[in-house]
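Here is what each chain is made of, one letter per residue.
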Amino acid sequence: MFPQVFSFATPLPTAIKLSFFTLIALVPTLANAADTAANADFFEKKVRPLFVQHCESCHGPEKHKGGLRLDHRLGWAEGGDSGPAIVPGKPSASLLIKAIHYTDRDLKMPPKAPLSSSDIAVLEQWITAGASDPRTLDKAPDTVKKGRVIDIAAGRQWWAFQPMQRVPAPVVKKATWPRNDIDRFILAGLEQAGLKPAAEASASVLERRLSYDLVGKPIAASNVAGFLASPAFAERWAQHWLDAVRFAESSGGGRTLPFKDAWRYRDYVIESIRDDVPMDRFVTEQLAGDLLPYDSPAQRRRQLTATGFLALGATNYEEQDKDLLRMDIVDEQLDTIGKTLLGMTIGCARCHDHKFDPIPTRDYYALAGILRSTKTIRNPKDNVAHWIDTPLPLDGEAEATMVQHEEAVKALQTQVAAATQALKKLAPRREPKDSNARPIQPDELPGIVIDDVQAKRVGEWSASKRYSTYVGEGYLHDDNAGKGSKTLTFMPKIEKAGRYEVRLAYMALQGRAENVPVHILHADGEADVTVDESVIPPIGGRFISLGQYRFEAAGQAFVMLSNEGTKGHVTADAVAFIPVEDLPKLAEASDEKAASKDPATAAAQKKVKTLEAQLKKLQAAHPERPEVMSVAEHEDNGDSPIHIRGSIRNLGEKVPRGFLQVASFAQPTALPVQSSGRVELAQWITSSQNPLTARVLANRVWMQLFGEGLVRTPDNFGTTGEQPSHPALLDHLALKLIDSGWSLKALVAYIVDSSTYRQESHAAGKSEVDPENRLLSHQNRRRLDAHALRDTMLAVAGTLDERFLGPTLKTVTKVKDNDVGALNLEYNWVYDDTRRSLYTPAFRNKRMELFEAFDFADINTPIAKRNTSTVAPQALYMLNHEFVINQSRKAAAKLLATTTLTTDGARLSAAYAQTLGRTPTPTEQRLALDFVAVSESEPEAAPRRAENWALLLQSLFGCVDFRYLE
């Protein structure tokens, strides 16, 4: 490929040389200084709570079973009687991992029940990454003095907690340079350091800079106001906000589920920026929109949608400990609020007083009480939880029609339920006999049925629907891999003590394992059974009996299936617990012919089918009411107790709901007993007296326009973050934001109108005085982010779909908690849309390859600033990926089909203008024209000509000038 481009006999155009030589020899990315903080954050949020909940009761300060302690770093490093518990970087060599996998009969931890697969994955990920543990001590914790007592008054001496100051712009020597007060603050610093500002950028450079900074793609606009009025501005700046609030369209984790209505929150953000909704109102709606007054259905829809901010986090909806799930959601929300709005790492205070910032644990739980009083999941007691789908009100006659339809559906559903119940009384549940029967739901089967989706998984199990006799939404198999490392544990909720027959459903087939070990814990002890899965199950072609055992009500019980020592696929579908006294009745009920001959049963069956058909027809005749991911007030509201060491089982005193003391300057008032306090939280965050919020927002706007913030740690204004390079300017911008009525557009326009913004990206003086350009003697040269790169290629190729707003996951309607199809949607998604990248499905587990190559960060957490790496896969992507090749060919075809471009010179100028925002140099023009030239007398001249232009366009897409913004 590219034989002419790689010919060394002729010099290459600059852009092409950069594409194919410099691009391939890219410098590997430097280690990110934020990694250490991220690893510590991962430990505090994910690992420490697991140790506290599951381990420290036996391996903590009070007990040291086996000589092992896990409440400090030295404990696991030195280990117990068996040696070190963890080998950093080597999970397979770590005794801790061996114990939690339950693969050794003599080493199973925790002893009562195995950890969930997600918890095991957390520990494996932590150890693989090096087992970073901030609890680093040189002696055991019981010999260490108590930690510091946080002094709030002293903490307020830190710059970020000081009230904002109105400082007059300084007088400068070069009075002709400033266009506004921004320039006076910047120039004063430059003059003091003996530096001078760079010259103003050329018109073409400035136009390209404004295009990408304001709208994220090349468009023509006569002035800044034209850019700001474009819908593309709303889309571009909405993406910045969505990064910061960890927006995604799936829940993440191994059992990820699509958020079918997340797009409504995305559109809310876009519309808010388009309409320049004041930022304080914008923030308030996201924290408490469901509690705010409204005067129209449209306003109610908007405010409900806004609270998706709280609902869209990465949540493990399968978490079986519902108290832990509730606090994990609160912690995730506090982490997002802290980093996005306050520039503070609040989550570090969940287990202990903040180690670096003046945030005591009491303040964490004062805020946690507000969010614990907020309901984020609708069914907290179910095996798999679910977010809240809130119906949206419609306008006028549409609402009346919808209500009438809903009432009719509800009435018919009641009739169907009553008829179904009557049928069940006449024909009790029975075991289906046909091994080739349809899939069957757990509630159609007798006894207590635990489906595979409810089992705790250890190791990687694959879901399947290949054979149709499964229970529920599918079955699981071990892929005939990872032998000895995979288990499934089915834990029933026994409500009535007695003897039960335990049955296992599996999918039989030749090549299945013939010696599947099953371990049963019952009231009288333990039992081990081996199942031959190559044989069709004898009970209805689905189940095999594992024996009869006694179980206590609410007692410890489980059935654990393993793939240890097996050859062939191991499958598992469901486990049933059937009271022994019900077995004779089941045998009688299994006579289907007798049941069908009974007139009463036949009539009942007919009635159910008729009503179900009527219901289906009625539902199809009218569109469903739109829904949105939202939150609500919790019925169990009130103050939160301190969770000692972050444990939900070790509770201390209750803390009155409130805010961060260090950032509060008014007398604290008690929050209303009858509400969560979210309205008051929003008022405190957006108060002009709050020293953090306006600074954080102003700094983030500056960062998007200069590549770096005045504070270069945009989500950390604490003592471990960087201090502002220009404190007075930061306050000036924050107060400018407030004075303008919290207008984002006004602040953006003010900044881009400055001479500071309009400088060239080359220093006018000696760069060694200020090598990192902290004083801003010139503009920063920046790489385009993944969204801008993709959108530009689509625009140049003429394939960009310009539709504004609207859903992306159109195939997703209702999402059932146990729906394997919904689970697989993310992993099987094909990224073939051509809308702006803002609308590309934002899945947490699977991202578009271009996004992965060009640093779209992990959206499980807020992204204050995207990383900018330079790595070889980026060059390989631009050289080889189908997307780039296809867009290059389409761009070439569009160029050749443009009738106003009658010469190759005109086409080349157009290609350079569209991709690089400039004209080709004389050398580039000469070499490029020679490259695309094809003699008309050559065979297949037209196809070759088109391919040459495509190769040239691809070279431009891959060159440094395309990827970087001057």
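A quick note: this is a predicted structure, and the numbers were derived from the prediction, not measured.

**A few points about the overall build of the protein**
So, point 1. Each helix and strand counted, the protein has 33 helices and 20 strands in total.
So, point 2. Counting every position in the protein, which comprises 966 residues, the buried fraction comes to 54%.
So, point 3. Within the protein, counting contacts between residues at least 6 apart in sequence, those at least 24 apart form 72% of the total.
So, point 4. Total accessible area on the protein stands at roughly 41800 Å², and carbon and sulfur atoms take up 54% of it.

**A short note on the pairing of strand E12 (residues 558-562)**
So, point 1. Most of E12 is tucked away, with five of its five residues classed as buried.
So, point 2. Side chains Phe558, Met560 and Ser562 project from E12 onto one buried face, and the interleaved Val559 and Leu561 project onto a second face that is buried too.

**Quick notes on the packing of aromatic side chains**
So, point 1. Taken as a whole and judged by the stated rule, the model has 23 aromatic pairs.
So, point 2. Consider the rings of Trp76 and Trp126, whose centres lie 5.9 Å apart with planes at 80°: the pair is edge-to-face. Remark: Trp126 occurs in helix H5 (residues 117-128) and Trp76 occurs in helix H3 (residues 73-78); sequence separation between them is 50 residues.
So, point 3. Since its relative accessible area comes to 3%, Trp126 is described here as buried.
So, point 4. Judged by centre distance (6.3 Å) and plane angle (25°), the rings of Phe247 and Tyr265 are stacked.

**Side note on the sheet that holds E12**
So, point 1. Spatial ordering of the open sheet is given by E4-E7-E12-E9-E10, a layout of five strands whose pairing is antiparallel. Looking at strand neighbours, the two that pair on one side only are strand E4 (456-458) and strand E10 (525-531), the edges of this open sheet. Neighbouring strand axes in the sheet, compared pairwise and without regard to direction, differ in orientation by 15° on average.
So, point 2. Both strand E9 (residues 516-522) and E10 contribute to a ladder of seven bridges, which runs antiparallel. Bridge pairing links His519 to Asp528 in E10.

**Description of the pattern of salt bridges**
So, point 1. In the structure shown here, the tally under the stated rule is 54 salt bridges.
So, point 2. Note that Glu285 is salt-bridged to Arg302, the shortest N-O span being 3.0 Å. With Glu285 in helix H12 (residues 279-288) and Arg302 in helix H13 (residues 297-306), this pair connects stretches of sequence that are 17 residues apart.
So, point 3. One salt bridge in this structure joins Asp904 and Arg945, with 2.6 Å as the shortest N-O distance. Within this pair, whereas Asp904 is found in helix H30 (residues 904-916), its partner Arg945 is found in helix H32 (residues 941-958), the two being separated by 41 residues in sequence.
So, point 4. Of the residues examined, Asp904 reaches a relative accessible area of 18% and is grouped as buried.
So, point 5. The buried category is assigned to Arg945, whose relative accessible area is 18%.
So, point 6. Through salt bridges with shared partners, a single network forms among Glu235, Arg790, Asp791, Asp833 and Arg836.

**Comments concerning the side chain of Asn716**
So, point 1. Here Asn716 shows up in the loop between helix H22 (693-706) and helix H23 (727-739).
So, point 2. Reaching out from Asn716, the side chain makes a polar contact with the side chain of Thr720 at a distance of 2.9 Å.
So, point 3. When residues no more than four places from it in sequence are discounted, the contact partners of Asn716 are Gly343, Asp357, Gly721 and Glu722.

Scoring rules and cut-offs
Residues numbered from 1 in each chain as written. Predicted model: local features only at pLDDT ≥ 70, side-chain atom pairs only at ≥ 80, totals over all residues. Heavy atoms only, no water. Helix = DSSP H or I, 4+ residues; strand = E, 2+ residues; numbered from the N terminus. Buried < 20%, exposed > 50% of the residue type's maximum accessible area, 1.4 Å probe, protein only. Contact = heavy atoms within 4.5 Å. Areas by Shrake-Rupley, 256 points an atom, 1.4 Å probe, with all protein chains shown as cover. Phe/Tyr/Trp six-rings, centres within 6.5 Å; stacked < 30°, edge-to-face > 60°. Pairing = 2+ DSSP bridges. Axes fitted to C-alpha atoms, helices over the stretch in contact; angles between N-to-C directions. Salt bridge = Lys/Arg side-chain N within 4 Å of Asp/Glu carboxyl O. Polar contact = N/O pair within 3.5 Å; in protein donor to acceptor, adjacent residues only side chain to side chain.

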